[in-house]
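So you can see what is in the structure, the chains are spelled out below.
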Amino acid sequence: MDRSINFRGIAGSAGNIMQGMGKFVFGNEGLESKEDSYVERYLDRISNGTIPDDRRSAMTELQSLVAESRSAQMSFGAMGFPILLNVLKEDREDVELVRGALETFVSALTPIETSQGPKTEVQPASVNSDLLSRETENISLLLSLLSEEDFYVRYYTIQLLTALLTNSLKRLQEAILLIPRGITVLMDMLMDREVIRNEALLLLTYLTRDAEEIQKIVVFEGVFEKIFSIIREEGYSDGGVVVQDCLELLNNLIRHSSSNQMLLKETIGFDPLISILKIRRGSAFNFTQQKTVNLLGALNTVELLLTGGPSGESGKDANKNANQAALAQKNILDHLLLLGVESQWAPVALRCMALRCIGNLVLRNPQNLDSLAKKQVGEEPHVQPALNAILSIILRTSIAQEFVAADYVFRCFCEKNPNGQALLASTIAPHPNQGDMHGAAADMPFGSILLQALVSSDVNGDMEACCRASSVLSHIIKDNLQSKDRVLQIQLETPTPSLGRTEPLLHRIVTCLSIAASDGENDQSSHPEESYIQPVILRLLIIWLVDCSNAVNCLLESAVHLNYIIELASSKRYAACVHGLAAVVLGACVLYNASREKGRDAFAVADAISQKIGLTTYFLRFDELRKSLAHPSSELQHRKELSRSSANSMSDFQEIEEDETNKDDQHPVLSEIFDSQFVNFLSKLEVDIRENIMEIFSRTKTATAVLPAELEQKNGEVDGEYIKRLKSFVEKQCNEMQELLARNAMLAEDLVRTGGGNTADTSQKPSSGRDRVQIEALRQELEGAKRQIEALKTEKSQIEAEANNQRNLAVKVESDLKSLSDAYNSLEQANYRLDAEVKTLRQGGSVPYPDVEAIKAQAKEEAEKDSEAELNDLLVCLGQEQSKVEKLSARLAELGEDVDTLLQGIGDDTAIPDDDDEDEDEDDE
């Protein structure tokens, strides 16, 4: 076989490109260094040599040089790839030479650390990985070597593929998918000797990251059985790094796939997973770093199963519920409680993740919630309810991350669980041993322990315990009106019991908030926890006040409370988060205020806000709060992938927490407790508060004060009392109008001041806030003007229609009156004719005649009675119509209509004859 290759041609084709890359990387003017000449010489011997031993020797020397020199790595990448790839194709029978070629490739793809040069310079190993992975044919060639009988050939091939994955992951994933049976060949390596199996396992771990198609093929090839078989052989959690790799591969497969989770549950089940979590009770000092990492990996698996899959995936909730039920049947709660609650000698990271798994296990699952509520922990005689033990962790731990994890358990326990909330709220009551902080705390019910911590600031100034207890209480009363009212009724002795007075628990919470604020001002540097105590207590107040008018009324019973909350929202001494949360508390006092008592109603609170803070500044507090709470989702942090690179850091939570506290202005507790769900809740609440306050300032204080009934005289009321009551009513209206005018003037002045030419103030307050307030006020005025115009238009059209009706009625009445006048004239004419006939008969004298005068008088009397009755009715109708016409004319005049023009010409053609015409008719006769 002719193995000779035109080495000079290969070097010329790739050398020019790599030479420029070498100058960029190393800053040399030329690439012809001593190492480069050696690389070229070795490659020439390998390519054109005829003596096998000489070729093998050159391969060995080349591998040593490439493993030690970055310049040699770059030169090898420029000239050596085609030569060594040809060796792998053509010299399969020379096993030693193939071994050397593979080992040289591995060395060329392994980064060499150096203290010289900038950290941002290009790594030759990365460049070589990119060159080798560009051709799918090269990957196919390497996979074919996995079928070789020689152990080292297979071993170095696996190492080479792993090195390629670390530098060119996406490209290698795409290439392997294009190669027939590429994944199957790698899966077969899991059944190889232990060393190769471990390397293949690590390779699959890299390969399955965010690669859905590869994950499906791997699962189809039966990877679950092989993973747990290896874990069992290695000794479960007591195993080494191989168990860690197995769990990382398992988590890659189920992290974003509900179907893979279902397949795991139906094929293997969860028993092997539970076996990893089993530890011996009391096995102190047995948590090595590797065992801790293995247990963290298993807990990460449990957490992924309890989430059910990625958000938005169909069937996620059903899969989550099924996993919750299946894991609960395996008594996983006992193992989690042992790791997270009872094993206080376990590493902090392990306890925290176990607590989070407990929360996810019971979240919205009635059976698991009931199981946790009844669960007991500890050994006789020191047995206590599990919830009490978790509450004790919250109150006593010195590690903020453990407090957050234990608090998460109560958050999950109380979410959509009104019965559980009511159960916990019913136990909150003072205990006879309330003053003994270290007495019979273990024998106290849950609520008494919680209440003792809430008032602990009065006993020993322990604001930390008060803050943490406030967080638990906020979960108990959230979205549960009955629990809010139940806790609201709790009465506590005042700090000076000799006075014999009591105060509501809500008042004591406000007092604790004021104490925390004063302590934070006096000594913020030595107590970093002060940075989250006030926000957590304010969060409790917000949750308590929402949808609970009784709590709002209780808070406003003392004007001191309102003034203090206003001070928190306005004073520059406090952080933006405190400002914003205090503003939300004030907004809740307006939005959910049902009181009508003067000085404590929504109108009074809104007035206090505008007078002491200013609406512009007040609304800006919401913007500041939104910015201060803008942080990455904590859920993403909890689900951080556990790999070899992050395992050691994740096993020591406390160090990470301290570093984050120093690097970030926001305390880590805030980013955990004020999660995205609560931030969204605040955003919706902010919209309602803005609309409600603007509505209050756009209407009168008492919208139902002006009632027609108050203007009417009551039955039996004398005129003097009626006049006196009217005067009082008018005075009340005048006072309210004066208050309204004064407040509107003050608001206008505030808007002008903040929106005017004050340069210093403008630099401090964003113009968007001022513009928003001004636009809102103008919009309200414009809408009011539009409504008034529409009402006037409607009223005008109604009046015009009524005027037309009255005009038609007047024409009809005038026509009837003319008809009546004509009838009367006809009657008179008939009377004259009869008189003439009577005179004629009298002149005859021969025939006796009746008393005509009597008959005429009788007929006239009857006619006059009939006509008089009709005239009276007609005049009454005319009077009523005339009154309506006068009122309508006055209203039309107010609306700007010309009444004379409207009435002009009415009745001209149907005029009633006047008396002069009648007299002329009589003379004619």
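Residues numbered from 1 in each chain as written. Predicted model: local features only at pLDDT ≥ 70, side-chain atom pairs only at ≥ 80, totals over all residues. Heavy atoms only, no water.

Let's talk about the overall build of the protein
Part 1 of the argument: For the protein, the helix and strand inventory stands at 48 helices and four strands.
Part 2 of the argument: Looking at the protein as a whole, 47% of its 925 residues are labelled buried.
Part 3 of the argument: Intrachain contacts of the protein at a sequence separation of at least 6 include 72% that bridge at least 24 residues.
Part 4 of the argument: Carbon and sulfur atoms provide 51% of the accessible area of the protein, an area that totals close to 46300 Å². (Helix = DSSP H or I, 4+ residues; strand = E, 2+ residues; numbered from the N terminus. Buried < 20%, exposed > 50% of the residue type's maximum accessible area, 1.4 Å probe, protein only. Contact = heavy atoms within 4.5 Å. Areas by Shrake-Rupley, 256 points an atom, 1.4 Å probe, with all protein chains shown as cover.)

Let's talk about the pattern of salt bridges
Part 1 of the argument: This structure, assessed with the given rule, holds 34 salt bridges.
Part 2 of the argument: Across the pair Arg 134 and Asp 130 runs a salt bridge, and its minimum N-O distance is 3.0 Å.
Part 3 of the argument: Its relative accessible area of 22% is what places Asp 130 among the partly exposed residues.
Part 4 of the argument: Through salt bridges that share partners, Asp 623, Arg 626, Glu 686 and Arg 690 make up one connected network. (Salt bridge = Lys/Arg side-chain N within 4 Å of Asp/Glu carboxyl O.)

Some remarks on helix H33 (residues 559-570)
Part 1 of the argument: For H33, which comprises 12 residues, the first-to-last C-alpha distance of 17 Å matches the rise-based estimate of 16 Å (1.5 Å per residue) to within 8%.
Part 2 of the argument: All of the buried residues along H33 are His 561, Leu 562, Tyr 564, Ile 565, Ile 566, Leu 568 and Ala 569. (Expected span 1.5 Å × (residues − 1).)

A few points about the confidence of the model for the protein
Low pLDDT marks regions whose predicted coordinates should not be analysed in detail.
Part 1 of the argument: Of the residues in the protein, 78% reach a pLDDT of 70 or more, and the chain-wide mean stands at 80.
Part 2 of the argument: Across residues 653-664 the pLDDT falls below 50, and counting only partners more than four positions away or on other chains, this stretch makes 12 contacts in the model.
Part 3 of the argument: Here residues 755-770 is modelled with pLDDT under 50, and outside its nearest four sequence neighbours on either side it reaches 16 contacts, counting other chains as well. (pLDDT = per-residue confidence, 0-100.)

Quick look at the pairing of strand E1 (residues 376-379)
Part 1 of the argument: Bridge analysis of E1 against strand E2 (residues 382-385) gives four bridges, and the strand direction is antiparallel. Across the sheet, the residue bridging to Glu 379 is His 382, located in E2. (Pairing = 2+ DSSP bridges.)

Remarks on the packing of aromatic side chains
Part 1 of the argument: For the coordinates displayed, the defined rule picks out 15 aromatic pairs.
Part 2 of the argument: On the numbers, 5.2 Å between centres and 80° between planes, the contact of Phe 151 with Tyr 152 is edge-to-face.
Part 3 of the argument: Classification of Phe 151 by relative accessible area gives buried; the value is 15%.
Part 4 of the argument: Centroid distance Phe 674 to Phe 678: 5.4 Å. Interplanar angle 70°. Geometry classified as edge-to-face.
Part 5 of the argument: In this structure Phe 674 comes out as buried when scored by relative accessible area, which is 0%.
Part 6 of the argument: It is Arg 356 that lies over the ring of Tyr 408; its NZ or CZ is 4.8 Å from the centre. (Phe/Tyr/Trp six-rings, centres within 6.5 Å; stacked < 30°, edge-to-face > 60°. Lys NZ or Arg CZ within 6 Å of the ring centre and 35° of its normal.)

Here we look at the environment of Glu 597
Part 1 of the argument: As for its position among the elements, Glu 597 is in the loop between helix H34 (576-591) and helix H35 (602-612).
Part 2 of the argument: Judged by relative accessible area, Glu 597 falls into the partly exposed class, the value being 43%.
Part 3 of the argument: Separated by 44 residues in the primary sequence, Glu 597 and Asn 553 place their C-alpha atoms 9.8 Å from one another.

Quick notes on the state of the cysteines
Part 1 of the argument: Inspection of every chain in the model, using the stated rule, returns zero disulfides.
Part 2 of the argument: Unpaired in this structure, Cys 414 has its nearest cysteine sulfur neighbour in Cys 412, at a distance of 9.6 Å. (Disulfide = S-S within 2.5 Å.)

Quick word on the side chain of Arg 197
Part 1 of the argument: As for its position among the elements, Arg 197 is in helix H12 (residues 194-207).
Part 2 of the argument: Arg 197 gets classed as buried once you look at its relative accessible area, which sits at 6%.
Part 3 of the argument: Within the structure, the side chain of Arg 197 is placed 3.3 Å from the side chain of Glu 233, a separation counted as a polar contact.
Part 4 of the argument: When sequence neighbours within four positions are dropped, the list of residues in contact with Arg 197 reads Met 189, Leu 190, Asp 192, Ile 230, Glu 233, Glu 234 and Val 242. (Polar contact = N/O pair within 3.5 Å; in protein donor to acceptor, adjacent residues only side chain to side chain.)

Observations regarding the packing of helix H15 (residues 241-254) against helix H18 (residues 289-307)
Part 1 of the argument: Where H15 meets H18, the axes come as close as 9 Å, and the angle between the chain directions of the two elements is 15°. With respect to their mutual orientation, H15 and H18 come out roughly parallel. In this structure, H15 meets H18 at a crossing whose hand is left-handed. Within the contact between the two elements, H15 uses Val 241, Val 243, Gln 244, Leu 247, Leu 250, Asn 251 and Ile 254 and H18 uses Gln 290, Val 293, Asn 294, Gly 297, Ala 298, Asn 300, Thr 301, Leu 304 and Leu 305. (Axes fitted to C-alpha atoms, helices over the stretch in contact; angles between N-to-C directions. Parallel < 35°, antiparallel > 145°, perpendicular 65-115°, else oblique. Left-handed = near helix turned anticlockwise from the far one by under 90°.)

Thoughts on the packing of helix H25 (residues 418-426) against helix H28 (residues 463-477)
Part 1 of the argument: Closest axis-to-axis distance for the H25/H28 pair is 8 Å, and the angle between their directions is 130°. Classed by the angle they form, the pair H25 and H28 counts as oblique. Of H28, the residues touching H25 (which contributes Gln 421, Leu 424 and Ala 425) are His 475, Ile 476 and Ile 477.

Focus: the side chain of Asn 480
Part 1 of the argument: Structurally, Asn 480 can be placed in the loop between H28 and helix H29 (481-488).
Part 2 of the argument: Polar side-chain contacts of Asn 480 include one of 3.0 Å to the backbone nitrogen of Ser 483.
Part 3 of the argument: In this structure Asn 480 touches Pro 418 and Gln 421, once residues within four positions along its chain are discounted.

Comments concerning helix H41 (residues 676-696)
Part 1 of the argument: For H41, built from 21 residues, the straight-helix expectation of 30 Å at 1.5 Å per residue is met to within 8% by its first-to-last C-alpha distance of 30 Å.
Part 2 of the argument: Those residues of H41 not exposed but buried are Phe 678, Val 679, Leu 682, Leu 685, Glu 686, Ile 689, Arg 690, Asn 692, Ile 693, Met 694 and Ile 696.

Topic: unusual backbone geometry
Part 1 of the argument: A cis amide bond, omega 5°, links Glu 380 with the succeeding residue Pro 381.
Part 2 of the argument: Here Pro 381 shows up in the loop between E1 and E2.
Part 3 of the argument: The phi dihedral of Tyr 236 falls on the positive side, at around 55°, and the residue is not glycine.
Part 4 of the argument: Looking at the element boundaries, Tyr 236 is found in the loop between helix H14 (223-234) and H15.
Part 5 of the argument: The class for Tyr 236 is partly exposed, based on a relative accessible area of 25%.
Part 6 of the argument: Residues other than glycine seldom take positive phi values, yet Asp 547 does so here, at roughly 60°.
Part 7 of the argument: The topology assignment puts Asp 547 in the loop between helix H31 (530-545) and helix H32 (549-555).
Part 8 of the argument: Judged by its relative accessible area of 51%, Asp 547 is exposed.

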